[in-house]
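Breakdown of the fold
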Amino acid sequence: MLELSEKYPSIAGFAQMIDKAADIMGDILYALGISADSADVMGVKAAQADKGVNDFDNVEEYISYLKNEIDLDKEKFDALSEGERVAYSITGMAIGAGAISEKLGMEIPADVVELISQIAEIGKIAVEAKEIISLAISLKDKGVDNLSDVLDCVKGEGKSDRLKTGEALVNALDEVNPGKGNDILNEIIDEIRG
């Protein structure tokens, strides 16, 4: 995720993308039945905690531990700089992505978080938690079990089978937006590739 910051000329632009992506991730966690703090709070609590994710059977248990057993030092939290808050948000998002990966049974690399944020800015499709979950499940059912394959397809780069992923993505988008999958994917590709 630290590589992503090089794409943004200022911390403010990067922070906005992180905030948007963190909100979407929080909505996905909630839709999956995982009660979690905001990404920045989760990241701060993870830094404060004596236990790490490896001390638990799954990431969801770790998130519950952070939310219910670790008290946030509100004074220190309120004094964080924007850069520190972004760093803690990234930590919290990584924890959240781990829980989502476990729940959905697919890999969710950090680059996909930026892609979801970009798609939300484009506004061509509603980037809501239930739709994202439906798309992910549909993609998995069609043999795409790593969301970095979707990133490769949309950006037109990488080593994954972009044709297979593109077909699976069109079909998945059709399930959420009947008959519009191909048009939506083409619009997203045009916007992302610029």
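In what follows, the structure referred to is the one given above.
Quantities reported herein were computed from a predicted structural model and do not represent experimental measurements.

1. Some remarks on helix 5 (residues 82-104)
Over its 23 residues, helix 5 runs 32 Å from end to end, which matches the ideal 33 Å to within 8%, given 1.5 Å per residue. When we look at burial in helix 5, the residues that qualify are Val86, Ser89, Ile90, Gly92, Met93, Ile95, Gly96, Ala97, Ala99, Ile100, Ser101 and Leu104. Contacts made by the buried residues of helix 5 are with helix 1 (11-31), helix 2 (39-48), helix 3 (59-69), helix 6 (110-122) and helix 7 (129-141). One or two steps after helix 5, the chain reaches glycine 105, where phi turns positive at roughly 70°.

2. Quick word on the pattern of salt bridges
Under the definition given, this model contains seven salt bridges. The partner of aspartate 37 in a salt bridge is lysine 67, and the shortest N-O contact between them spans 3.9 Å. Of this pair, aspartate 37 sits in the loop between helix 1 and helix 2 while lysine 67 sits in helix 3; the two residues are 30 residues apart in sequence, bridging distant segments of the chain. For lysine 67, a relative accessible area of 31% corresponds to the partly exposed category. In this structure, aspartate 78 and lysine 74 form a salt bridge, with 3.2 Å as the shortest nitrogen-oxygen distance. Taken together, the residues aspartate 78 and lysine 74, both in helix 4 (residues 74-78) and four residues apart, mark about one turn of the helix. Aspartate 78 sits in the partly exposed class, given a relative accessible area of 47%. Taking the relative accessible area as the measure of exposure, lysine 74 reaches 49% and is therefore partly exposed. Within this structure, Asp37, Lys45 and Lys67 form a network of salt bridges that share partners.

3. Here's the deal with the side chain of serine 138
Within the secondary structure layout, serine 138 lies in helix 7. Beyond its immediate sequence surroundings of up to four residues, serine 138 is in contact with Ala172 and Glu175.

Thresholds applied
Residues numbered from 1 in each chain as written. Predicted model: local features only at pLDDT ≥ 70, side-chain atom pairs only at ≥ 80, totals over all residues. Heavy atoms only, no water. Helix = DSSP H or I, 4+ residues; strand = E, 2+ residues; numbered from the N terminus. Expected span 1.5 Å × (residues − 1). Buried < 20%, exposed > 50% of the residue type's maximum accessible area, 1.4 Å probe, protein only. Contact = heavy atoms within 4.5 Å. Salt bridge = Lys/Arg side-chain N within 4 Å of Asp/Glu carboxyl O.

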